[in-house]
Amino acid sequence: MYKLLIVNPGSTSTKVAVFNDKEQVFKKNIKHSVEDIAKFERIPDQLPYRKEMIMKELKDEGYDIKDFAAVIGRGGLMHPLTSGVYEVNDIMLRDLAAGTYGEHASNLGGMIASEIAKEIGVKAYIADPVVVDEMEEVARYSGHPLFPRISIFHALNQKMIARQHAEAVGKKYEDLNLIGVHLGGGISVGAHKKGRVVDVNNALNGDGPFTPERAGSLPAGPLMKACFSGKYTKKDVDLMLKGQGGFVAYLGTNDALEVENAVKAGNKEWEKVYRAMAYQVAKEIGGLAAAALDMDVDGIFITGGMAYDKTFCDIVTEHVKKIAPVYRYPGEDEMLALALNGIMVLDGKAENKKYE
């Protein structure tokens, strides 16, 4: 039996969990105040602070870190990678610390995992980071060579749910054509073709359906005019795309549950925006079904936090049910996904890939 330590840093919290093989025996969501985070100029500077808090929680719970067989961290922003498990090495740490491909709290996942693993004398891993890129060449064209389409999506959760779905229907993931929909603060819709996500929207900024806080794809002409109008700074436009788009821009909230409850209570204006988001999700599914999978779709799965909203999922399903059966897997369990990937590598059932 493997005892694993899982580390998943977010912008204002660090989730830490202990697994005995597939069983989660401890989980803690360590909150970080805005004031504490503001003390650090850059995200990598938070490494000692976050690591110390994790070590304290483990000590308080009576864990001896020497009992851990491996430490698995959430993957951050790196160069595009194929799906899989990667051992944290010096090249990866350099890119994460420098923010070579962007700064995000998830960059700390591999860094913290490496620091703790070194103390124990075991290996540190990351698995299926958001930059997993299995897109086919044709999907990379946008309409101008300066703006290639890129793959940034909820790879960890989509891959785990896809494999779980395949097992549930008695098939191998590599034998199925699926469309995965992750509904959360960001929304990603991916075409899983025989085990590879051959096309997916950039769920981070400016591509695909709008979300509770992101604008998704915007009409380019009006966006250009806004950028050069003199009314908005670069930061303003960044926030329009990510943070203050979607529900926030239309309704003033990024709380999907608040919107769901308002719609159920009969708020017709909010319902228009709610249905528009479902429409855009369905539109993305339909486009991938036709272009990426040639209408040969074995199933459509919906996951993420918003998948708990049956009404929203039913609206999406009504649009796309003629394409393929629709399955709902509410929630996201990134900690379990990281643990399962770690177990596969330790058991020799998955390749220990090298970041280079």
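In this text, all values refer to a predicted model and were calculated from it rather than measured experimentally. (Residues numbered from 1 in each chain as written. Predicted model: local features only at pLDDT ≥ 70, side-chain atom pairs only at ≥ 80, totals over all residues. Heavy atoms only, no water.)

### Some details on the overall build of the chain
- Counting secondary structure elements, the chain contains 12 helices and 12 strands.
- Against the 2.2 N^0.38 benchmark of 21 Å for 356 residues, the chain shows a C-alpha radius of gyration of 20 Å, consistent with a compact globule.
- If you line up the chain on its principal axes, its C-alpha atoms span 55 × 55 × 45 Å.
- A total of 356 residues make up the chain; the buried ones form 51% of that total. (Helix = DSSP H or I, 4+ residues; strand = E, 2+ residues; numbered from the N terminus. Rg over C-alpha atoms; globule rule 2.2 N^0.38 Å. Buried < 20%, exposed > 50% of the residue type's maximum accessible area, 1.4 Å probe, protein only.)

### Quick notes on the environment of Ala 70
- Counting through the fold element by element, Ala 70 comes out in strand S4 (residues 70-74).
- Using a relative accessible area of 1% as the deciding quantity, one classes Ala 70 as buried.
- If we ignore the near neighbours within four places in the chain, the residues touching Ala 70 are Lys 3, Leu 4, Leu 5, Val 122, Lys 123, Tyr 125 and Leu 346. (Contact = heavy atoms within 4.5 Å.)

### Considerations on the pattern of salt bridges
- Per the stated rule, a full pass over the model turns up 19 salt bridges.
- Across the salt bridge formed by Asp 95 and Arg 94, the nearest N and O atoms sit 3.4 Å from each other.
- You can call Arg 94 exposed: its relative accessible area is 52%.
- Residue Arg 214 pairs with Glu 213 through a salt bridge whose shortest N-O separation is 3.9 Å.
- Note on Arg 214: relative accessible area 16%, which makes it buried.
- One salt-bridge network, in which partners are shared between bridges, spans Arg 149, Asp 199 and Asp 207. (Salt bridge = Lys/Arg side-chain N within 4 Å of Asp/Glu carboxyl O.)

### Some words on the sheet that holds strand S6 (residues 123-127)
- A sheet is described by the order of its strands in space; here 7 strands give the open sequence S3-S2-S1-S4-S6-S5-S12, paired in mixed fashion. The sheet is open, and its two borders are formed by strand S3 (23-31) and strand S12 (352-354), each paired with just one other strand. Ignoring which end each strand starts from, the neighbouring axes of this sheet average 30° apart.
- With 3 bridges joining them, strand S5 (residues 85-87) and S12 adopt parallel strand pairing. (Pairing = 2+ DSSP bridges. Axes fitted to C-alpha atoms, helices over the stretch in contact; angles between N-to-C directions.)

### Remarks on the sheet that holds strand S10 (residues 299-304)
- Strand order in the open sheet made by the 5 strands is S9-S8-S7-S10-S11, with mixed pairing throughout. Unpaired on one side and paired on the other, strand S9 (196-200) and strand S11 (326-330) mark the two borders of the sheet. Within the sheet, the average angular offset between the axes of one strand and its neighbour, ignoring direction, is 25°.
- Here helix H10 (residues 268-291) sits on the sheet and contacts strand S7 (177-183), strand S8 (187-193), S9 and S10; the angle it forms with S8, its principal contact strand, is near 20°.

### Looking at the environment of Lys 194
- Turning to its location among the elements, Lys 194 is positioned in the loop between S8 and S9.
- Separated by 102 residues in the primary sequence, Lys 194 and Asp 296 have C-alpha atoms spaced 11 Å apart.
- Other than its neighbours up to four places away in sequence, Lys 194 contacts Tyr 173, Glu 174, Asp 175, Leu 176 and Asn 177.
- Of the polar contacts made by the side chain of Lys 194, one reaches the backbone oxygen of Asp 175; its length is 3.2 Å. (Polar contact = N/O pair within 3.5 Å; in protein donor to acceptor, adjacent residues only side chain to side chain.)

### So, the side chain of Arg 149
- Mapped onto the secondary structure, Arg 149 falls in the loop between S6 and helix H5 (155-168).
- Reaching out from Arg 149, the side chain makes a polar contact with the backbone oxygen of Ala 139 at a distance of 2.7 Å.
- In contact with Arg 149, other than residues within four places in its own chain, are Met 135, Ala 139, Arg 140, Tyr 141, Ser 142, Asp 199, Val 200, Asn 201 and Asp 207.

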